[in-house]
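Breakdown of the fold
Chain by chain, the residues:
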Amino acid sequence: MMKKTTFVYPIYIATTPEKLWEALTSGEVTKKYHFGLQVQSDWQEGSAVKYLLDDGRITDHGHVLKCEPLHLLSFTWIMAGDETPREQPTRVTFELQKMDDSTVKLILRHEELLETDFVYDDNTFEGLNNGWPALLSNLKSLLETGRTLPPISVDWDN
């Protein structure tokens, strides 16, 4: 059996739970900070979750496991083209904790990962350990300033 691991990344954002929740669940907002990907789901437990390119291709998909608006969102995560043998899909959870009237702590947990999901190179966005921090930093910038970081080039064909 392969060793499983979890990637945890907390980030503090000057925003409200409502605005952060919308940013996580609205395709129009995810498109702004998530490398151009638009999330699509009705966020009901068991429903499909898809991340789509402008041309309609799906890059990541899964199913909603738990949805507690403004608090917790959890879904399975399958990367299109990932041929890694897995016993089960990986699992992404966003936990929102209101710190005060102007700050929310967002905790990302990506579970059921294998060592091959990590890339130990400081000059890439490949690997979940590099991609998630870039994506969440972009989300933070968008919510706090109304702007995202300069565009990051992602090759979706590889």
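Here the structure is a predicted model, which means the values were calculated and not measured.

1. Comments concerning the nonpolar core
Counting 34 residues, the largest nonpolar core has F75, F94, L106, W132, L136 and L139 as the members making the most contacts within it. No other element matches helix α3 (residues 128-145), which puts 6 residues into this core. Residues in contact with L106, not counting those within four places in the same chain, are Y9, P10, I11, I13, L20, L24, F94, E95, L96, L136 and L139.

2. Examining the pattern of salt bridges
In the structure shown here, the tally under the stated rule is 9 salt bridges. Measuring nitrogen to oxygen at the nearest pair gives 3.6 Å for the salt bridge that ties K66 to E68. When its relative accessible area of 38% is taken as the criterion, K66 is described as partly exposed. Between K140 and E144 there is a salt bridge; the shortest N-O distance is 2.8 Å. Separated by 4 residues within a single helix, K140 and E144 lie in helix α3, roughly one turn from each other. Owing to a relative accessible area of 25%, K140 belongs among the partly exposed residues under this scheme.

3. Describing the sheet that holds strand β3 (residues 48-52)
The strand order β1-β7-β6-β5-β4-β3-β2 describes an open sheet built from 7 strands, whose pairing is antiparallel. Of all the strands in the sheet, the pair left with one neighbour each is β1 (5-13) and β2 (38-40). The average angle at which neighbouring strand axes cross in this sheet is 25 degrees, direction not considered. Packed on one face of the sheet, α3 meets β1, β5 (72-79), β6 (90-100) and β7 (103-113) and runs near 15 degrees to β1.

4. Describing empty space enclosed by the protein
A complete count under the given rule lists 1 cavity of 30 Å³ or more for this structure. Surrounding the largest cavity, L24, Y33, H34, Y51, F94, W132 and L135 form its lining. Classifying every residue of the lining of the largest cavity by side-chain character gives 6 nonpolar, 1 polar and no charged.

Rules behind the numbers
- Residues numbered from 1 in each chain as written.
- Predicted model: local features only at pLDDT ≥ 70, side-chain atom pairs only at ≥ 80, totals over all residues.
- Heavy atoms only, no water.
- Core = buried A, V, L, I, M, F, W, Y, C linked by side-chain atoms within 4.5 Å.
- Buried < 20%, exposed > 50% of the residue type's maximum accessible area, 1.4 Å probe, protein only.
- Helix = DSSP H or I, 4+ residues; strand = E, 2+ residues; numbered from the N terminus.
- Contact = heavy atoms within 4.5 Å.
- Salt bridge = Lys/Arg side-chain N within 4 Å of Asp/Glu carboxyl O.
- Pairing = 2+ DSSP bridges.
- Axes fitted to C-alpha atoms, helices over the stretch in contact; angles between N-to-C directions.
- 1 Å grid on protein atoms, 1.4 Å probe; cavity = no way out; pocket = protein on both sides within 12 Å on 5 of 7 lines; lining within 4 Å.
- Points joined across faces, edges and corners; volume = space filled by probe spheres on them.
- Nonpolar A, V, L, I, M, F, W, Y, C, P; charged D, E, K, R; others polar.

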